[in-house]
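Notes for the structure review
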Amino acid sequence: MNINFENYLIPIITVGCLCIGFVLKKWMPADDKWIPTILLVLGAISGAILFGVDYEGIVKGMLSGLASVGLHQAFHQFIKVDTLGEMTDEEGAYWIATDEELQEELKEYEDE
């Protein structure tokens, strides 16, 4: 069985869903966990509009909508490479507390 996804990813739907997902993430108060589902449905509707209401058109739209989520995450991870060394204050406090506990345990071990 040969599955060729190139025929199922439609760039215009992917870019449109990517833009809508960006707007949802930045300016809508909705929880982020709903964005892939919203883009899946919007992709299915777009696929049905572009290719007709049939199985193949809806699947093409759904895959293109979900591809926009993956594209956003890939870009987000690529940009995040520069900020790997940064920590929030809470993360820093956790690691300082953990380091102090380890130092105390080490001191107790050395005293034995």
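Residues numbered from 1 in each chain as written. Predicted model: local features only at pLDDT ≥ 70, side-chain atom pairs only at ≥ 80, totals over all residues. Heavy atoms only, no water.

Section: the overall build of the protein chain
Note the cut-off: Here a helix means four or more residues in a row that DSSP labels H or I, a strand means two or more in a row labelled E, and each is numbered from the N terminus. Each residue is placed in one exposure class: buried if its accessible area under a 1.4 Å probe, protein chains only, is under 20% of its type's maximum, exposed if it is over 50%, and partly exposed if it falls in between. Contact between two residues is taken to exist if any of their heavy atoms lie within 4.5 Å; hydrogens are not considered. For accessible areas, the Shrake-Rupley method is used with a probe of radius 1.4 Å. Any residue's cover is judged against the shown protein chains and nothing else.
If you tally the helices and strands in the protein chain, you get 4 helices and 0 strands. Reading the secondary structure of the protein chain in the N-to-C direction produces α-α-α-α. Taking all 112 residues of the protein chain together, 19% fall into the buried category. A separation threshold of at least 6 residues defines the contact pool for the protein chain, and within that pool the share at least 24 residues apart is 63%. For the protein chain, the accessible surface area stands at approximately 9,000 Å², while carbon and sulfur atoms represent 64% of it.

A word on the packing of aromatic side chains
Which entries qualify depends on this criterion: Centres within 6.5 Å make a pair out of two Phe, Tyr or Trp rings, where for Trp the six-membered ring is used; the pair is then stacked when the planes are under 30 degrees apart, edge-to-face when over 60, and tilted otherwise. As a reminder, the over-ring test applies to NZ of lysine and CZ of arginine, requiring each to be within 6 Å of the ring centre and within 35 degrees of the ring normal.
Counted under the stated rule, the structure contains 1 aromatic pair. Between F22 and W27, the aromatic rings sit 6.0 Å apart at their centres with planes inclined by 90°, giving edge-to-face as the arrangement. The partly exposed category is assigned to F22, whose relative accessible area is 39%. Sitting over the ring of F51, K60 keeps its end group 4.7 Å from the ring centre.

A closer look at the pattern of salt bridges
Just so we agree on the cut-off: For salt bridges, the criterion is a side-chain nitrogen of Lys or Arg within 4 Å of an Asp or Glu carboxyl oxygen.
One pass over the full model with this rule turns up 2 salt bridges. Salt-bridge contacts for K25 lead to D32; the nearest nitrogen and oxygen are separated by 2.8 Å. In this structure, K60 engages E56 in a salt bridge whose closest nitrogen and oxygen atoms are separated by 3.6 Å. One end of the pair is K60 and the other is E56, both in helix α3 (residues 55-80) and 4 residues apart, which spans about a single turn. Note on E56: relative accessible area 40%, which makes it partly exposed.

Here we look at the nonpolar core
The condition that has to hold: Residues grouped as a nonpolar core are buried Ala, Val, Leu, Ile, Met, Phe, Trp, Tyr and Cys residues, joined through side-chain atoms within 4.5 Å.
With 6 residues, the main nonpolar core is built from I10, I13, C17, L24, I35 and L39. For this core, the secondary-structure elements that each account for two or more residues are α1 (11-27) and α2 (35-51). The dominant element in this core, judged by the number of residues it contributes, is α1, at 3 residues. Excluding its chain neighbours within four sequence positions, the residues that come into contact with L39 are C17, I20, G21, G65, S68 and V69.

What about the layout of surface pockets?
To keep it simple, the criterion reads: A pocket here means an open set of points on a 1 Å grid, computed over the protein atoms alone, that has protein on both sides within 12 Å along at least five of seven lines. A cavity is instead a set of points where a 1.4 Å probe fits but cannot get out; residues with an atom within 4 Å of a point line either one. Grid points are joined across faces, edges and corners, and a volume is the space filled by probe spheres set on the points.
Of the volumes computed, that of the largest pocket is approximately 170 Å³. Lining the largest pocket are 13 residues, and of these K25, I35, V69, H72 and Q73 sit closest to its centre. Elements that contribute at least two residues to the lining of the largest pocket include exactly α1, α2 and α3. No other element matches α1, which puts 5 residues into the lining of the largest pocket.

Focus on α2
Our working rule: Multiplying 1.5 Å by the helix residue count minus one yields the expected span of that helix.
Across its 17 residues, α2 extends 24 Å between first and last C-alpha, which sits within 8% of the 24 Å expected from 1.5 Å per residue. I35, L39, G43, A44, G47 and A48 are the residues of α2 that are buried. Downstream of α2 by a residue or two, G52 has a phi angle that is positive, lying close to 95°.

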